[in-house]
Amino acid sequence: MRAFEAAARRLSFSLAAQDLHVTQSAVSRQVRLLEDFLGYRLFVRLTRSVALTPQGEDFFRAAQQSLDILETATRRGRESGGRCTLKISITQSLAFEYVLPRLPAFSAAWPDIEVRVLTSTAPADFQSDEFDAAIRLGPFPGKRYLRNQPRIPHELVRSWNGVAAFQLWDEVLTPVVSRRLIAPGALHSPADLCQFTLLSVAPRPTAWSDWFRSRGETLPAKVATSDFGHFFMTLEAARAGRGVALVPTLFLRSLDPLSDLFCPFASNVPSAGEYYFLCREETAARGPVEALIAWLQADAREFADAAVQFPPR
């Protein structure tokens with residue numbers, strides 16, 4: 001049933017195989033067995049794709065409803081049986097630099113809830129991904145942002161159908177550098193940063209130019225840059241003295257105040273997007289999910305009230 005549902009949703013055996021982490025032949029075999037059991041064809045096999053038959057379309061709707069019912073019953077059973085597990089998908093940098101260092105505090109407050117962290121940078125897909133919730137960064141649909149706010153070229157979810165969203169933290173990007181590379185107080189204007197290599201993440205190619213624009217300035221045309229896959233990598237490069245990293249202030253809360261890193265210039269313009277807790281609408285009010293949302297939102301309020309500038313110049 002899972003193989004058929006994935007193939008029908010994707011209209012592709014190969015994409016269904018990727019979703020289920022099995023081979024394409026395994027999906028094809030499972031679908032064939034289901035067709036043999038039902039006694040009719042579910043798909044029309046085309047040259048490079050598949051299409052649902054009329055009977056297949058009916059069965060697809062029934063399969064989705066049945067799997068949703070089973071998933072709901074499974075979760076309720078786990079929650080009523082005492083200790084439960086929540087699987088939450090977050091980006092690698094958010095996991096390493098922020099969430100994982102704080103999970104022990106949540107576990108101490110809620111010992112019957114085990115949080116398992118999965119990492120991904122793809123938009124959350126509650127139709128196919130097997131997690132209970134996700135935290136993603138991006139612009140919220142319909143929300144208006146100012147022109148000077150740094151851009152975030154990410155989608156929060158693949159489909160908003162049946163998805164609930166709870167705002168957590170703003171993103172404020174700030175330059176961070178090692179004292180071994182630049183002495184605190186040695187820089188007098190943001191333009192002085194351009195004598196060093198500017199470190200950023202590849203998925204955010206306009207991050208530095210946006211940061212300069214947010215301050216009413218322009219990034220010089222000729223400047224040395226270096227891109228990395230994730231923010232935690234740029235932080236490591238900054239620690240190694242390879243240049244000036246541009247990272248969210250959120251990720252600096254876990255750093256030791258006596259760290260070698262410092263922020264040469266204060267930043268206070270939030271990006272055109274926020275971090276959101278995302279989950280299915282029917283699970284948002286359930287005990288474990290509700291507890292995690294409340295805990296994260298309390299953390300977000302504390303972060304906003306602190307107006308973190310780590311560490312001072």
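For the structure itself, consult the block above.
Everything quoted here is computed from the prediction, not taken from an experiment. (Residues numbered from 1 in each chain as written. Predicted model: local features only at pLDDT ≥ 70, side-chain atom pairs only at ≥ 80, totals over all residues. Heavy atoms only, no water.)

## Some remarks on the overall build of the chain
Then comes step 1: The helix and strand inventory of the chain stands at eight helices and 12 strands.
Then comes step 2: The buried share of the chain, reckoned over its 313 residues, is 45%.
Then comes step 3: Sequence-distant contacts in the chain: of pairs separated by 6 or more residues, those separated by 24 or more amount to 77%.
Then comes step 4: When the accessible surface of the chain is split by element, carbon and sulfur atoms take 53% of a total near 15,900 Å². (Helix = DSSP H or I, 4+ residues; strand = E, 2+ residues; numbered from the N terminus. Buried < 20%, exposed > 50% of the residue type's maximum accessible area, 1.4 Å probe, protein only. Contact = heavy atoms within 4.5 Å. Areas by Shrake-Rupley, 256 points an atom, 1.4 Å probe, with all protein chains shown as cover.)

## A short note on the sheet that holds strand S5 (residues 133-138)
Then comes step 1: On the basis of which strands lie adjacent, the open sheet formed by five strands has the order S4-S3-S5-S12-S6 and mixed pairing. Edge positions in the sheet fall to strand S4 (113-119) and strand S6 (163-170), since each has one partner strand and no second. Averaged over all adjacent pairs, the angle separating strand axes in this sheet is 25°, with direction ignored.
Then comes step 2: Inspection of the sheet shows S6 paired to strand S12 (residues 274-280) by six bridges, in the antiparallel sense. (Pairing = 2+ DSSP bridges. Axes fitted to C-alpha atoms, helices over the stretch in contact; angles between N-to-C directions.)

## Some details on the packing of aromatic side chains
Then comes step 1: Under the criterion given, the structure shown has 15 aromatic pairs.
Then comes step 2: Here the aromatic rings of Phe140 and Tyr276 are separated by 5.2 Å at their centres, their planes lie at 35°, and the arrangement is tilted. Of this pair, Phe140 sits in the loop between S5 and S6 while Tyr276 sits in strand S12, placing them 136 residues apart in sequence.
Then comes step 3: In this structure Phe140 comes out as partly exposed when scored by relative accessible area, which is 29%.
Then comes step 4: Pairing Trp208 with Trp211 gives two aromatic rings, centres 5.8 Å apart and planes at 80°, and the pair type is edge-to-face. With Trp208 and Trp211 both in helix H6 (residues 207-214) and three residues apart, the pair spans about one turn of that helix. As far as burial versus exposure is concerned, Trp208 and Trp211 are alike and both buried. (Phe/Tyr/Trp six-rings, centres within 6.5 Å; stacked < 30°, edge-to-face > 60°.)

## Considering the nonpolar core
Then comes step 1: With 62 residues, the main nonpolar core has Leu94, Ile135, Trp169, Tyr275 and Phe277 as its most contacted residues.
Then comes step 2: For this core, the leading source of residues is helix H8 (residues 287-306), giving seven residues. (Core = buried A, V, L, I, M, F, W, Y, C linked by side-chain atoms within 4.5 Å.)

## A closer look at the pairing of strand S8 (residues 198-201)
Then comes step 1: Burial of S8 is two-sided: the residues Leu198 and Ser200 facing one way and the residues Leu199 and Val201 facing the other way are all buried.
Then comes step 2: When S8 meets strand S9 (residues 225-228), the two strands line up parallel, connected through four bridges. Counted as the bridge partner of Leu198 is Thr225 from S9.
Then comes step 3: As for the winding sense of the linkage, the β-α-β connection from S8 through H6 to S9 is right-handed.
Then comes step 4: The pairing of S8 with strand S10 (residues 244-248) spans two bridges and is classified as parallel. (Right-handed = clockwise from strand over helix to strand, strands pointing away.)

## Regarding the pairing of S10
Then comes step 1: Across the five residues of S10, five count as buried, placing the element largely inside the fold.
Then comes step 2: Across four bridges, strand S7 (residues 173-178) lies against S10 in antiparallel orientation. Following the sheet pairing, Val176 is matched in S10 by Ala245.

## Considerations on the state of the cysteines
Then comes step 1: By the definition in use, this model includes zero disulfides.
Then comes step 2: Not part of a disulfide, Cys263 finds its nearest cysteine sulfur in Cys194, a span of 17 Å.
Then comes step 3: You can call Cys263 buried: its relative accessible area is 9%. (Disulfide = S-S within 2.5 Å.)

## As for the sheet that holds S8
Then comes step 1: With mixed pairing, the five strands of this open sheet are ordered in space as S9-S8-S10-S7-S11. The open sheet has two free edges, formed respectively by S9 and strand S11 (261-262), since each of these has just one partner strand.
Then comes step 2: Sheet contacts for helix H7 (residues 231-239): S7, S8, S9, S10 and S11; angle to S10, the most-contacted strand, approximately 145°.

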